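# What the coordinates show
One-letter residues, chain by chain:
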Amino acid sequence: MPREQRGTSALRLRAMSSLRRFSLSVSWKRILCIIFLPPILPGFAPRVKDQEDLIFADAQLQLAQYSMFNWSYLTPLKLMDRSVGLQTESRVGSKPYFTLGGHKFLIFGGSIHYFRVPREYWRDRLLKLKACGFNTLTTYVPWNLHEPQRGKFDFSGNLDLEAFVLMAAEIGLWVILRPGPYICSEIDLGGLPSWLLQDPEMILRTTYKGFVEAVNKYFDHLISRIVPLQYCKRGPIIAVQVENEYGSFAEDKDYMPYIQKALLERGIVELLMTSDDAKHVLQGCIEGVLATINMNTFQMDDFKELSQVQRNKPIMVMEFWVGWFDTWGSEHMVKDAEDVEDTVSKFITSEISFNVYMFHGGTNFGFMNGATYFGKHRGVVTSYDYDAVLTEAGDYTEKYFKLRKLFGSLVAMHLPPLPKLSPKAEYPAVKPSLYLPLWDVLQYLNKPVISHTPVNMESLPINNGNGQSYGFVLYETSICSGGSLHANVQDTAQVFLNEKNIGLLGDDIKKLNIPEIKECQLLRILVENQGRVNFSWKIQDQRKGLTGPVTIDNIPLNGFIIYSLEMTMSFFERLRSASWRPVPKSYSGPAFYLGTLKAGSSPKDTFLRLLNWNYGFVFINGRNLGRYSIIGPQETLYLPGTWLHPKDNEIILFEKRKSGSYIQTIDEPKL
């Protein structure tokens, strides 16, 4: 029996068993408890300032009519009648509301992205979501990770979407799925695959033929996996989002209806939603789809545009931002726990459904981080802690305990017990003993590309014609004179004559003076992709590497040898056979450093601290933990214990600038 059928059958058996247990659980004590509980949160009832413009403007905002929420029977394993899914209703004398299975339902949602959390920790994070009092999980689906090459799909391991969704159902959580194709999410190119950029005429997030054809093929595969997980099929998915925040983009009036139709034609029958910030709801909404809004605090004015889009519909805040992401070179972002509690209380009092973004942020492992561009390119840091309700490592926060206390006062059943914290550890510091300069590593890379002119990363004829998505590209060519070097670089580059570093090029540095040379030398330009912009029209301009001609004194250079440094697992396997050298007292320039992390017999989570190192990436047993940088704000890298072997673990640093000394581990993060 296929894995999907086995999972569905097991889900049905558990549902039948749970239903029998539930039928015996309604006791006289519970009935008395519900009758005599007091009304909730009178101090949080906000006043209506403009009754004509608000959806709930038929009267002053009143206390929620639920004196207690009793959803013990409204869980994926207990709700057997699936004839009526998530719907909206409006009756005279009451605010519009959601129903699920015909029962009045308020969505308490929390976001966890499966692709940012080690699979071994999914259950822990979902149990903590349930134990906090949430009833719904929301997650994005990243196209770029699931289809890294055209027609080559990956839903295995940490990308096993179906397993994640079924696990949520088993734990008692409904699911709102956000399949894109664009998701933003501070992930590279907003979740769009970089091979789309091979088409020089490509216009992303429009009905441009090349984009639509790619989306159709992806949806053919993805939606066939989602359909059996829908509510009507006895799965946990109660709603599906159409694209993401298109109102902020709004370049093609036909695009959103196309995505809506693409979902419907492939079998999506559950409630469809859009998601936009309050200022762009009008531009992002489409007929027949429930509009939802995103916000960072409760402000009545934010609902005005929503009221123009749809009346007599319940309000859903698809993203309530309980924190924010960080970018390199900026301050660490935090949000006060009391403000979060206050806002959630107001949502509930006003009968507004909501989704906490993020409940648990996780980590931008590897090269998955996105970037912002507001006059300057800034990569998103490796940690996606987001100052969320759970920390990056899954630990409880003040926000968690405040929300759990609030939810616990509102539900007519005991919340599940708190799962235990995962233990943390400090291990002996690691001093790398061996190193390989980048120039010694070139022989272990795949065959280089020979080209008359520079080729950008995405257009390199590698990976079965799909180009290179992430990492570094090294361009080499011979020069016989100095002068003014000019190149368009995305995002940053180190420039070398043979092995000597002579300067940097980047987004805002297009020129570099090359000193006079007496004989021909090798010009080397090492370009790093620091993350493609994930938001705004700037996503159209995210080709990486050298994106045009390279000139010296306006004379084009030709005859390039181009090396792709994708830093894959197979690459590190090849490096094990390399002739590593003893680490010198000091070395300047890009190089790999090898050491051993001793984790004992029972490895635990820890945090790497690279105090005397400058900039680069850390690889543990071939896994890319992500980027570190001396500019901060992030000072530690999260290392999941589940990725460590008992006793010895290979640790490799790719340091771009200058060697450091020790790699420390500590038992708490420094963000």
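Up top is the structure these notes are about.
Anyway, here's the lowdown on the structure attached to this text. Keep in mind the model is a prediction, meaning the values are calculated, not measured. (Residues numbered from 1 in each chain as written. Predicted model: local features only at pLDDT ≥ 70, side-chain atom pairs only at ≥ 80, totals over all residues. Heavy atoms only, no water.)

## A closer look at the packing of helix H3 (residues 122-132) against helix H11 (residues 398-408)
Quick reminder of the rule: Throughout, an axis means a line fitted to C-alpha atoms (over the contacting stretch in the case of helices), and angles, computed between N-to-C directions, take values from 0 to 180 degrees. Here a helix means four or more residues in a row that DSSP labels H or I, a strand means two or more in a row labelled E, and each is numbered from the N terminus. Put simply, angles under 35 degrees are roughly parallel, angles over 145 are roughly antiparallel, angles from 65 to 115 are roughly perpendicular, and the rest are oblique. In this analysis, two residues are considered to be in contact whenever any of their non-hydrogen atoms come within 4.5 Å of each other. When residues are sorted by character, Ala, Val, Leu, Ile, Met, Phe, Trp, Tyr, Cys and Pro go into the nonpolar class, Asp, Glu, Lys and Arg into the charged class, and all the rest, Gly among them, into the polar class.
Interaxial distance between H3 and H11 falls to 8 Å at its minimum, and their mutual angle equals 45°. Classified by the angle their axes make, H3 and H11 are oblique. Residues Lys128, Ala131 and Cys132 of H3 lie in contact with H11, whose contacting residues are Tyr400, Leu403, Arg404 and Phe407. Grouping the constituent residues of the contact of H3 with H11 by class yields five nonpolar, no polar and two charged.

## Focus: H3
Applicable threshold: For the exposure calls, accessible area comes from a 1.4 Å probe over protein chains only, and a residue counts as buried if that area is under 20% of its type's maximum, exposed if over 50%, partly exposed in between.
H3 sits mainly inside the fold: nine of its 11 residues count as buried. What H3 keeps buried is the set Trp122, Asp124, Arg125, Leu126, Lys128, Leu129, Lys130, Ala131 and Cys132. Positive backbone phi, at 115°, marks Gly133, one or two positions downstream of H3.

## Observations concerning the sheet that holds strand S27 (residues 581-582)
This is how the line gets drawn: Whether two strands pair comes down to DSSP finding at least two bridges between them.
Taken in spatial order, the six strands line up as S27-S14-S28-S33-S30-S31 in an open sheet, and their pairing is antiparallel. Only two strands of the sheet have a single partner each, and these edge strands are S27 and strand S31 (623-629). Pairing of strand S30 (residues 615-620) with S31, which is carried by six bridges, proceeds in the antiparallel orientation. Along S31, the bridge assignment pairs Val618 with Gly626.

## Digging into the pairing of strand S4 (residues 108-112)
Heads up, the rule is: Consider the strands pointing away from the viewer: the crossover is right-handed when the path from the first strand over the helix to the second runs clockwise.
Within S4, five of the five residues are buried, which leaves the element mostly enclosed by the surrounding structure. Neither face of S4 is exposed, since Phe108, Gly110 and Ile112 on one face and Gly109 and Ser111 on the opposite face are all buried. The pairing of S4 with strand S5 (residues 136-140) spans three bridges and is parallel. Directly across from Gly110, in S5, lies its bridge partner Leu137. Of the crossover connections in this fold, the one passing from S4 over H3 to the parallel S5 is right-handed.

## Some remarks on the environment of Val344
Within the secondary structure layout, Val344 lies in helix H10 (residues 337-349). The exposure class of Val344 is buried, given its relative accessible area of 0%. Sequence spacing of Val344 and Gly93 is 251 residues, and the spatial spacing of their C-alpha atoms is 24 Å. Setting aside residues no more than four positions away along its own chain, Val344 makes contact with Phe320, Phe354, Leu403, Leu406 and Phe407.

## Focus: the pattern of salt bridges
Spelled out, the test is: Here a salt bridge means any side-chain nitrogen of Lys or Arg lying within 4 Å of a carboxyl oxygen belonging to Asp or Glu.
What the rule picks out here adds up to 31 salt bridges. Between Glu89 and Arg91 there is a salt bridge whose closest N-O contact spans 3.5 Å. Given a relative accessible area of 23%, Glu89 falls into the partly exposed group. Taken together, the shared-partner salt bridges in this structure form one network comprising Lys95, Lys104 and Glu351.

## Some remarks on the side chain of His146
Put simply, the rule is: Any N or O atom pair separated by 3.5 Å or less is treated as a polar contact, with the protein-specific requirement of one donor-capable and one acceptor-capable atom, and with residues adjacent in sequence counted only for side-chain atom pairs.
Counting through the fold element by element, His146 comes out in helix H4 (residues 143-146). Within the local environment of His146, its side chain forms a polar contact with the side chain of Tyr114, the two groups lying 2.7 Å apart. Apart from residues lying up to four places away in sequence, His146 is in contact with Tyr114, Val141, Lys152, Phe153, Asp154, Phe155, Leu159 and Tyr218.

## Focus: the packing of aromatic side chains
Our working definition: Pairing of aromatic rings covers Phe, Tyr and the six-membered ring of Trp, with a centre-to-centre limit of 6.5 Å; geometry is then stacked below 30 degrees between planes, edge-to-face above 60, and tilted otherwise. Should the NZ of a Lys or the CZ of an Arg lie within 6 Å of a ring centre and within 35 degrees of the ring normal, that charge is described as sitting over the ring.
A complete count under the given rule lists 52 aromatic pairs for this structure. Ring centres of Tyr396 and Tyr400 lie 4.6 Å apart, and the angle between their planes is 50°; this geometry places the pair in the tilted category. By relative accessible area, Tyr396 is classed as buried at 15%. According to the relative accessible area criterion, Tyr400 is buried, its value standing at 0%. Seen from their ring centres, Phe592 and Phe654 are 4.7 Å apart, and the 40° between their planes marks the pair as tilted. In this pair, Phe592 is assigned in strand S28 (residues 591-598) and Phe654 in strand S33 (residues 648-655), connecting sequence segments 62 residues apart. Overall, Phe654 belongs to the buried group, its relative accessible area being 0%. Above the plane of the ring of Tyr384 lies Arg116, whose end atom (NZ or CZ) is 3.7 Å from the centre. A cation over an aromatic ring shows up here: Lys128 above the ring of Tyr396, its NZ or CZ 5.2 Å from the ring centre.

## What about the sheet that holds strand S26 (residues 560-565)?
Within a beta sheet, neighbouring strands are joined by backbone hydrogen bonds and run either parallel or antiparallel to one another. On the basis of which strands lie adjacent, the open sheet formed by six strands has the order S15-S26-S16-S22-S19-S20 and antiparallel pairing. Two strands in the sheet have a free side with no partner beyond their single neighbour: strand S15 (449-451) and strand S20 (500-506). Adjacent strand axes in the sheet meet at a mean angle of 25°, parallel and antiparallel pairs treated alike. In this sheet, strand S22 (residues 521-528) lies alongside strand S16 (residues 472-479) in antiparallel orientation, the contact comprising eight bridges. For Val473, the partnering residue across the bridge sits in S22 and is Val527.

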